[in-house]
Amino acid sequence: MNNQTVADLLYKIADLLDIRGDNFFKTRAYRIAAQKIEVLDEDIEAAVNEKRLQDIPGIGDALAKKIQEFVSTGTLDYFERLKKEIPEGILQLLKIPTLGPKKVAALYKELGITTIEQLRDACTEGKLRDLDGFGEITERNILRGIQLKEKTSGRVLLNVAYEEGRNYLEYLKQCKDIKQVSIAGSLRRWKETIGDLDILASSDEPDAVMSYFASYDGVQRVILQGSTKTSVLLHNDLQVDLRVVSTKSFGAALQYFTGSKEHNVKMRSLAIKQGFKLNEYGLFDKETEAFLVGQHEEEVYKKLGLSYIDPELRENRGEIKAATTKKLPTLVDYNDIAGDFHVHSTWSDGADTIEVIVQQAQKRDYEFIGIADHSQSLKIAQGLSEERVEKKRKEIEKLNNKYDDIHIFCGTECDIKSDGTLDYSNKVLQSFDFVYAAVHMGLKMDGKEMTKRLVTAMQNDYVTFLAHPTGRLIGRREAYALDMNKLLEAAKETNTFLEINAFPDRLDLNDVHAKMAKDRGITCVLGTDAHSIKNLSFMHFGIATARRGWLEKKDILNTYSLKDIKHILER
Ligand code: DGT
Ligand code: CA
Ligand code: CA
């Protein structure tokens, strides 16, 4: 056992004691000892064996006894007991700037929060502001802290990981020693940012597979190479982990390595309750250790009495309970989308003409496409004057006559001014088939004002959709500190469809908000915010976000028949 491991343990104990509220001198003693051991220039095991621990300044009898126990047995009873009182996972919360032990303790005791995911959800849902010593500002600071942490810990946007993953998978599929291969981890769950890429394969020749994996063109260096796990770093510094298992275990391993960790923890305890043991090798009988299932993921869920849970739902947000009672939603499918409402053309700041966009939409088998260019005040994006709106409408009319197997909706992404009024007169707004209201300027206002601004905009009779409602840009700009409940209430009241913007750095509404909208009976609308035809392919990130928010077909306007959409928009 090396010195750092011992030091780390002592630091952990100090943190846990801090959270428990123990006195300062006690926790300080652990930290001082940890520091001394970190810089010790001999092996701690030697000091233990020769009973010289107490010679190290800062280590008294009690600590020496604990260190000795840990070094000789590999565990420490005191630490194990402490972890029963306060879950160890909670320690990662301390790494978020602005969160000290007192706050972490309150989050745990009042809301049962033990992970960053839960904390993010609680902040997003506005659950912290009512706790003693917290407020809306704390929520915002915590969200900022989490974002900052993700940024600095090198997470990439979903689309970047998606591209890399797809290419790597294509390459692996050509390996003759691989029987099955799949993406796992957060990418399989379509999370909005990805820490590292996880791939799972089955094979009888793991070493050959690992060598093939490490020889991929995009590899910058091999971090570690073993026969069950190999990790490489790609040229863009994205880490990729490959695990190789036997065919018999492929399903159980896929379940395990897809995560999320929180989902898995629940799954394992459910298995234990039913007399099973679940791990990455399979589902076993707890008593006899006999292998029961493991080849197919579906079998694992089935054996535990659950309906199959789609990877996008595996975030421990109630999916396991819903799967026991057969109440899981039938998620919107990646093929259910009949068109895209949010596309910019050369009329404003898009790169392609409407006709080129239409042809590309046909290739995607869309039944309709919505052209939503910017409004007049947005000069940097060549927003359209009222006269140009008219000309654009004429062009769309012509194209609608020319192409009869696709319908083109003439829309706009109209700016919402600071006071909530819109950038076009009602007369002009009325001339569009649909109106996205959107904020692009004057972002510096507090949450209350911004909520009012958006609500006022939705109250305009001609506004049909609210574009990227929270304004966040992942890793670059935080969401407005909106009163989400008020916003949703207003959307419901005014029959406004809320956008799930599919552009990878927006994904706005996010999964949690999308679910809140669904739960209130609000219909969402998907748009890619494409500024070139290439961006039309972002749609699947929007669908994934909808699926992560438990949305079904009926919850998304883009899945309706063209006839129904026209009817709804005419209202
Ligand atoms: P990421 O990479 O941060 O975007 O998120 P994930 O979910 O891909 O996490 P990662 O790469 O650390 O691990 C991949 C999966 O492996 C994870 O979702 C669940 C499983 N896993 C990893 N470590 C543990 C663990 O300590 N316990 C359990 N139950 N599952 C784990
Ligand atoms: Ca991962
Ligand atoms: Ca990983």
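Residues numbered from 1 in each chain as written. Chains lettered and ligands numbered in written order. Predicted model: local features only at pLDDT ≥ 70, side-chain atom pairs only at ≥ 80, totals over all residues. Heavy atoms only, no water.

Side note on the coordination of the calcium ion (ligand 3)
Reasoning step 1: Around the calcium ion (ligand 3), the protein contributes the donor atoms Asp196 (OD), Asp196 (OD), Asp198 (OD) and Asp241 (OD), which lie 2.3 to 2.7 Å from the metal centre.
Reasoning step 2: Taken in chain order, the donor set of the calcium ion (ligand 3) reads D-x1-D-x42-D.
Reasoning step 3: Separating the calcium ion (ligand 3) and the calcium ion (ligand 2) is a distance of 3.7 Å, and Asp196 donates to both of them.
Reasoning step 4: Residue Asp198 is classed as buried on the basis of its relative accessible area, which comes to 11%. (Donors = N, O, S within 2.8 Å, 3.2 Å for Na, K, Ca; no water. Buried < 20%, exposed > 50% of the residue type's maximum accessible area, 1.4 Å probe, protein only.)

As for the domain arrangement of the protein chain
Reasoning step 1: Split by domain assignment, the protein chain resolves into domain 1 (3-151), domain 2 (156-245), domain 3 (266-324) and domain 4 (339-570).
Reasoning step 2: Here the C-alpha centre of domain 3 lies 25 Å away from the C-alpha centre of domain 2.
Reasoning step 3: Both sides of the domain 2 and domain 3 interface together cover about 510 Å² of buried area, and 42% of this is carbon and sulfur.
Reasoning step 4: The interface formed by domain 2 and domain 3 contains two salt bridges.
Reasoning step 5: Residue Arg189 pairs with Glu315 through a salt bridge whose shortest N-O separation is 2.8 Å.
Reasoning step 6: If you look at where domain 2 meets domain 3, you find three residue pairs in polar contact (both at pLDDT 80 or more). (Domains from an automatic or database assignment. Buried area = accessible area lost by both parts, 1.4 Å probe. Salt bridge = Lys/Arg side-chain N within 4 Å of Asp/Glu carboxyl O. Polar contact = N/O pair within 3.5 Å; in protein donor to acceptor, adjacent residues only side chain to side chain.)

Overview of the nonpolar core
Reasoning step 1: Of all hydrophobic cores here, the largest spans 60 residues; its most connected members are Ile369, Ile416, Tyr424, Leu466, Leu498 and Ile500.
Reasoning step 2: Setting aside its immediate chain neighbours within four residues, Ile369 contacts Asp340, Val343, Ile357, Val358, Ala361, Ile406, His407, Ile408, Phe409 and Leu536.
Reasoning step 3: Ranked by size, the runner-up nonpolar core spans 47 residues in total, among them Val6, Ile56, Ile67 and Ile96. (Core = buried A, V, L, I, M, F, W, Y, C linked by side-chain atoms within 4.5 Å. Contact = heavy atoms within 4.5 Å.)

Describing the packing of aromatic side chains
Reasoning step 1: In the structure shown here, the tally under the stated rule is 25 aromatic pairs.
Reasoning step 2: For the pair Tyr162 and Phe541, a centre-to-centre distance of 5.5 Å together with 90° between the ring planes defines the contact as edge-to-face. Of this pair, Tyr162 sits in helix α9 (residues 158-173) while Phe541 sits in helix α22 (residues 539-548), placing them 379 residues apart in sequence.
Reasoning step 3: Judged by relative accessible area, Tyr162 falls into the buried class, the value being 19%.
Reasoning step 4: Judged by relative accessible area, Phe541 falls into the buried class, the value being 3%.
Reasoning step 5: Judged by centre distance (5.8 Å) and plane angle (80°), the rings of Tyr301 and Tyr308 are edge-to-face. (Phe/Tyr/Trp six-rings, centres within 6.5 Å; stacked < 30°, edge-to-face > 60°. Helix = DSSP H or I, 4+ residues; strand = E, 2+ residues; numbered from the N terminus.)

Topic: the sheet that holds strand β7 (residues 239-245)
Reasoning step 1: Spatially, five strands are ordered β2-β4-β7-β6-β5 in an open sheet, and the strand pairing comes out mixed. At either end of the open sheet lies a strand with only one pairing partner, and these are β2 (180-184) and β5 (219-225). Sheet twist, expressed as the mean angle between neighbouring strand axes with direction ignored, is 20°.
Reasoning step 2: The strands touched by helix α11 (residues 206-214) are β5, β6 (229-234) and β7; relative to β7, the strand with the most contacts, the crossing angle is about 165°. (Pairing = 2+ DSSP bridges. Axes fitted to C-alpha atoms, helices over the stretch in contact; angles between N-to-C directions.)

Re the side chain of Glu117
Reasoning step 1: Summarising the element assignment, Glu117 is placed in helix α7 (residues 116-124).
Reasoning step 2: A polar contact of 2.8 Å, which involves the side chain of Glu117, links it to the side chain of Lys191.
Reasoning step 3: Residues within four places of Glu117 in sequence aside, it is in contact with Lys191 and Arg317.

Focus: the site of ligand 1
Reasoning step 1: Around ligand 1, a shell composed of 16 residues is seen, among which Arg155, Ser186, Gly195, Asp196 and Arg268 lie nearest.
Reasoning step 2: Within the side chain of Asp196, one N or O atom sits 2.8 Å away from an oxygen atom of ligand 1.
Reasoning step 3: Contact distances for ligand 1 include 3.0 Å between an oxygen atom and a side-chain N or O atom of Asp198.
Reasoning step 4: When ligand 1 sits alone it has 590 Å² of accessible area, and the protein chains cover 74% of it.
Reasoning step 5: Looking at the shell around ligand 1, the elements that each hand over two or more residues are α10 (185-188), α12 (250-258) and α13 (261-273).
Reasoning step 6: Taken together, the residues that form the shell around ligand 1 break down as three nonpolar, seven polar and six charged. (Near = heavy atom within 4 Å. Areas by Shrake-Rupley, 256 points an atom, 1.4 Å probe, with all protein chains shown as cover. Nonpolar A, V, L, I, M, F, W, Y, C, P; charged D, E, K, R; others polar.)

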